[in-house]
Amino acid sequence: MNIGELAQRTGLATSRIRFYERIGLLKPAQRQANGYRSYPDEAVLVLRLIAVGQRAGFSLDELRVLLPDGLSRWEHDSLLDTLRRKVRDIESMQAQLAQSKSELVELMAQIEAKPDDMDCATNARRVLSGLGLAQADATASAVPRSRSGAEAGRPGRARRSAARP
């Protein structure tokens with residue numbers, strides 16, 4: 001099949017297919033007499049595996065190691081070990097992301113709970129001390145009154161009005 005048909009069957013751009021071929025993830029295509037590339041049916045499966053692997057978080061270098069020269073040369077145990085490691089990596093990232101999300105949601109709740117009569121700097125000290133950030137309280141009190149604690153030390157960022165937390 002030619003590169004256009006391969007692109008249509010895989011949903012990949014022809015430039016991406018050429019790229020995978022150039023970096024060795026896809027076997028070089030045979031050339032027809034007119035110079036056009038001619039790909040075997042196996043190329044569809046290989047490109048789909050590459051796409052699935054990338055969506056699963058595998059780098060191109062990891063895929064290069066994972067994908068054998070030919071599908072008949074796959075090592076079952078090695079493939080499963082690699083996939084299991086990637087699943088563990090993803091689970092670890094999920095746990096880290098869940099922890100980060102939880103911390104951010106708590107921080108937002110604390111900021112939103114600002115009493116109406118409290119200025120932003122005082123609210124920042126209240127929030128940071130409530131989160132157990134001992135040094136943050138000292139840092140927040142050292143921040144000039146025209147800047148909130150969240151803006152301290154961030155050059156190039158726009159300043160918020162003192163009325164906002």
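Residues numbered from 1 in each chain as written. Predicted model: local features only at pLDDT ≥ 70, side-chain atom pairs only at ≥ 80, totals over all residues. Heavy atoms only, no water.

## Comments concerning the overall build of the protein
Summing up its helical and strand segments, the protein has seven helices and two strands in all. The order of α-helices and β-strands along the protein, N terminus first, is α-α-β-β-α-α-α-α-α. Looking at the protein as a whole, 25% of its 165 residues qualify as buried. If you take every contact in the protein between residues at least 6 apart in sequence, the share linking residues at least 24 apart comes to 44%. Total accessible area on the protein stands at roughly 11,600 Å², and carbon and sulfur atoms take up 52% of it. (Helix = DSSP H or I, 4+ residues; strand = E, 2+ residues; numbered from the N terminus. Buried < 20%, exposed > 50% of the residue type's maximum accessible area, 1.4 Å probe, protein only. Contact = heavy atoms within 4.5 Å. Areas by Shrake-Rupley, 256 points an atom, 1.4 Å probe, with all protein chains shown as cover.)

## A few points about the packing of aromatic side chains
Throughout the structure, instances matching the rule amount to one aromatic pair. Between Phe19 and Tyr20, the aromatic rings sit 5.9 Å apart at their centres with planes inclined by 50°, giving tilted as the arrangement. Sitting above the plane of the Phe58 ring, Lys86 keeps its charged end 4.8 Å from the centroid. (Phe/Tyr/Trp six-rings, centres within 6.5 Å; stacked < 30°, edge-to-face > 60°. Lys NZ or Arg CZ within 6 Å of the ring centre and 35° of its normal.)

## Some details on the side chain of Thr82
Within the secondary structure, Thr82 is located in helix H5 (residues 76-112). Classification of Thr82 by relative accessible area gives buried; the value is 18%. Here the side chain of Thr82 touches Arg85 through a polar contact of 3.3 Å, side chain to side chain. Discounting chain neighbours no more than four positions away, the residues touching Thr82 are Phe58 and Leu66. (Polar contact = N/O pair within 3.5 Å; in protein donor to acceptor, adjacent residues only side chain to side chain.)

## Re the packing of helix H2 (residues 14-22) against helix H3 (residues 42-55)
Relative to each other, H2 and H3 sit at 95°, their axes nearing to 12 Å. One finds that H2 runs roughly perpendicular with respect to H3. Together, Arg16, Ile17 and Tyr20 of H2 and Leu47, Ile50 and Gln54 of H3 make up the contact between the two elements. (Axes fitted to C-alpha atoms, helices over the stretch in contact; angles between N-to-C directions. Parallel < 35°, antiparallel > 145°, perpendicular 65-115°, else oblique.)

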